[in-house]
Amino acid sequence: MSVALENRLTMLSMDPLTTTEEESTLAASDYANLTAHLQADTAGTMAGQRVVIVGGGVIGLMTALYLTRAGARVELFEAESLGAAASGRNAGGIYAFGRAIGEVALARASMDLWEDLTLGGLDSHFHRPGHAMIALNDHERGLLDMAERHYALAGLPTRRLTPDEAVAVLPGVSPDNAGALMGTTDGQGYPFTAVSSIIAELRAAGAIIRDHCRVQSVIERGGQARGVRSALGVTEADHVILCAGPWLAGFSESAGCNLAVRPRRSQIMVTERIAGMENFPFVSGNRVYARRTHAGNIMIGGGGPWEQDGYNVTSSYEALSFLGKHMSELFPGLAGAPIIRAFAGTVELTADHFPLFGPAPSMEGLWISAGYNGHGFGLCAAMGRLTVDLIRSGSDGVPLPAAVSAVVGEFGPDRFNARQGKQP
Ligand SMILES: Cc1cc2nc3c(=O)[nH]c(=O)nc-3n(C[C@H](O)[C@H](O)[C@H](O)COP(=O)(O)OP(=O)(O)OC[C@H]3O[C@@H](n4cnc5c(N)ncnc54)[C@H](O)[C@@H]3O)c2cc1C
């Protein structure tokens, strides 16, 4: 399922050479079926169930939100500050264009849920200015041609831009570009307000949120997860959901399988506010990506071989000079824009670039939702909502709906087999 480097464009996780037309076509019906499934009202379906969530990033928080709305009694534990890991240090991209075909239906459904949540009052700044992937040479244009075909089969709306159209639509882009392909329904949001707004709703709904409280272990009795142990002692629960992001591997022993998530640094720098860029979409190309915040700053990010595994979140000169150089080549109109700050976060990588989502094999009532490979901000709405279905399928004898298993069936947390790691 992994992508060969030579077939990649910046932010194109789909390999257009190995993805089949059948897979792409299936993504369209998966999205339609999932959308129909998501119309069902979940209110009350989890009434009386006690759920502990481990991890207060967007995955844990959004999962808590949907479970609380379904009537569960949620208690969330965060080892540090809420939303302060990758969930508060990301680019805010909420998009489907560029995602591997196996993730497109989920990503589209997640955008729709972000939109619903925002219309319902969540302060996310979610909007859909699109995502333009820019080619700089014939090889990249050829990849865009193939990608366009696959995403069309997957039902994802795109628009092709000639080099001149790209100059007109993307202010400051290089006139030497080789054209662009734009996912016209792609969105973005603002992580800082979104996280705060979710926390506010959770508190108002009576969920218990414990920050600066690390979960030390999962408690098991009779083959069933019964709660967690922390500095506060034992917290009893009917279900425990591990949303520990890049720290997930530490729970491998409890889960009875290798929760193989690797931490890796990823960096971003931010320009001063720039006038005249109001309609700037999410853009990518030349090994960098960028988006405009609602305040008018341009965030520029991208990875490179200098980033090593680990939890180091200091900014590096090597990365920032790379981002500046490559962004200036792609958007000469932005060259020299003053940089006012930079930050880094820890992304959570799996070997096949798909998440770990499903039951742990070691005991009933222990669930995993983590390893989102740098896509977790966009995907968190869908994954939070689908966790309601997942847990009901384990506890109420309600089978996991076909529309759900079609999109998460490949994400079993035990697919990396061998046991590894220790309790955190
Ligand atoms: C620079 C950068 C740019 C990105 N850009 C995008 C983007 O544009 N779009 C997108 O979709 N995604 C993006 N991402 C990825 C996205 O931020 C992550 O996929 C997402 O935040 C993962 O959320 P999470 O809740 O799983 O993990 P995290 O945010 O890492 O949260 C996990 C939490 O679990 C807590 N925890 C761990 N162990 C324990 C324990 N034992 N007890 C209690 N708590 C524990 C940690 O303290 C942490 O707060 C980006 C990431 C980075 C770093």
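An unreviewed UniProt entry lists the protein under the name FAD-binding oxidoreductase, with Cryobacterium tagatosivorans as the source organism.

## A few points about the site of the ligand
Inspection of the region around the ligand gives 38 residues, with Glu78, Ser87, Glu348, Gly376 and Gly378 positioned closest. A distance of 2.9 Å separates a nitrogen atom of the ligand from a polar backbone atom of valine 215. At 2.7 Å, a backbone N or O of glycine 378 approaches an oxygen atom of the ligand. In the complex, 98% of the free accessible area of the ligand, which totals 1000 Å², lies under the protein chains.

## Looking at the packing of aromatic side chains
The geometry of an aromatic ring pair comes down to the distance between the two centres and the angle between the two planes. Inspection of every chain in the model, using the stated rule, returns nine aromatic pairs. Taking 5.0 Å as the distance between ring centres and 70° as the angle between the ring planes, the aromatic pair formed by tyrosine 190 and phenylalanine 192 counts as edge-to-face. An aromatic cluster is present here, built from Tyr95, Phe282 and Tyr289 joined pairwise through their rings. For arginine 108, the ring lying beneath its charged end belongs to tyrosine 31, and the centroid distance is 3.8 Å.

## Remarks on helix α3 (residues 101-119)
Taking 1.5 Å per residue, 19 residues should reach 27 Å; α3 reaches 28 Å between its end C-alpha atoms and fits that length. A positive phi of about 120° marks glycine 121, the residue just after α3.

## What to know about the nonpolar core
In terms of nonpolar packing, the biggest core is built from 85 residues, with Leu67, Leu106 and Trp114 touching the most fellow members. Split by domain, this core shows at least three residues from each of two domains, domain 1 (38-87 + 192-261 + 353-416) and domain 2 (262-349).

## Some points on unusual backbone geometry
The residue methionine 11 is not glycine, and still its phi comes out positive at about 70°. Counting through the fold element by element, methionine 11 comes out in the segment before α1 (21-37).

## Digging into the pattern of salt bridges
Two side chains of opposite charge can pair, provided their charged atoms sit close to one another. Across all of its chains, the model carries 17 salt bridges by this definition. Between arginine 141 and aspartate 138 there is a salt bridge whose closest N-O contact spans 2.4 Å. Taken together, the residues span about one helical turn, with arginine 141 and aspartate 138 both in helix α4 (residues 138-153) at a distance of three residues. Given the relative accessible area of 56%, aspartate 138 is considered exposed. In the salt-bridge network here, residues are joined through shared partners; they are Asp112, Glu115 and Arg128.

## Concerning the sheet that holds strand β15 (residues 288-292)
The strand order β5-β6-β4-β14-β15-β16-β13-β17 describes an open sheet built from eight strands, whose pairing is mixed. Of all the strands in the sheet, the pair left with one neighbour each is β5 (158-161) and β17 (339-349). Geometrically, the sheet is characterised by an average inter-axis angle of 20° between neighbouring strands, direction not taken into account. By the bridge criterion, 10 bridges tie strand β13 (residues 262-273) to β17 in an arrangement that is antiparallel. Paired with threonine 271 across the two strands is isoleucine 339, which belongs to β17.

## Some details on the UniProt feature "domain: FAD dependent oxidoreductase" (unreviewed entry) in the protein
The UniProt feature table records "domain: FAD dependent oxidoreductase" (unreviewed entry) at residues 50-390. Between the C-alpha atoms that bound residues 50-390 the distance is 15 Å, and the span itself is 30% helix and 29% strand.

## Topic: the packing of α3 against helix α9 (residues 376-395)
Running from N to C, α3 and α9 cross one another at 85°; their axes reach a closest spacing of 7 Å. Taken together, α3 and α9 sit at an angle that is classed as roughly perpendicular. Two secondary-structure elements touch here, α3 through Glu103, Leu106, Ala107, Ser110, Leu113, Trp114 and Leu117 and α9 through Phe377, Gly378, Leu379, Cys380, Ala381, Ala382, Met383, Arg385 and Leu386. Across the contact of α3 with α9, the residue classes break down as 12 nonpolar, two polar and two charged.

## Re empty space enclosed by the protein
Per the counting criterion, the structure on display carries one cavity of 30 Å³ or more. In this structure, the largest cavity encloses a volume near 30 Å³. Lining of the largest cavity is provided by His125, His127, Gln188, Gly189, Tyr190, Arg291, Arg292, Thr293 and His294. Residue composition of the lining of the largest cavity, by class: one nonpolar, six polar and two charged.

## Some remarks on the pairing of strand β6 (residues 180-183)
Going residue by residue along β6, you find Ala180 and Met182 tucked away on one face and Leu181 and Gly183 tucked away on the opposite face as well. Relative to β6, strand β4 (residues 131-134) runs antiparallel, the two sharing four bridges. Within β6, the residue paired with alanine 132 across the bridge is methionine 182. Of the strand pairs in this sheet, β5 and β6 are connected by four bridges, and their pairing is antiparallel. When the sheet's bridge partners are listed, leucine 161 is paired in β6 with alanine 180.

Rules and cut-offs
- Residues numbered from 1 in each chain as written.
- Predicted model: local features only at pLDDT ≥ 70, side-chain atom pairs only at ≥ 80, totals over all residues.
- Heavy atoms only, no water.
- Near = heavy atom within 4 Å.
- Polar contact = N/O pair within 3.5 Å; in protein donor to acceptor, adjacent residues only side chain to side chain.
- Areas by Shrake-Rupley, 256 points an atom, 1.4 Å probe, with all protein chains shown as cover.
- Phe/Tyr/Trp six-rings, centres within 6.5 Å; stacked < 30°, edge-to-face > 60°.
- Lys NZ or Arg CZ within 6 Å of the ring centre and 35° of its normal.
- Helix = DSSP H or I, 4+ residues; strand = E, 2+ residues; numbered from the N terminus.
- Expected span 1.5 Å × (residues − 1).
- Core = buried A, V, L, I, M, F, W, Y, C linked by side-chain atoms within 4.5 Å.
- Buried < 20%, exposed > 50% of the residue type's maximum accessible area, 1.4 Å probe, protein only.
- Domains from an automatic or database assignment.
- Salt bridge = Lys/Arg side-chain N within 4 Å of Asp/Glu carboxyl O.
- Pairing = 2+ DSSP bridges.
- Axes fitted to C-alpha atoms, helices over the stretch in contact; angles between N-to-C directions.
- UniProt positions renumbered as here; feature names shortened; annotations may be inferred.
- Parallel < 35°, antiparallel > 145°, perpendicular 65-115°, else oblique.
- Contact = heavy atoms within 4.5 Å.
- Nonpolar A, V, L, I, M, F, W, Y, C, P; charged D, E, K, R; others polar.
- 1 Å grid on protein atoms, 1.4 Å probe; cavity = no way out; pocket = protein on both sides within 12 Å on 5 of 7 lines; lining within 4 Å.
- Points joined across faces, edges and corners; volume = space filled by probe spheres on them.

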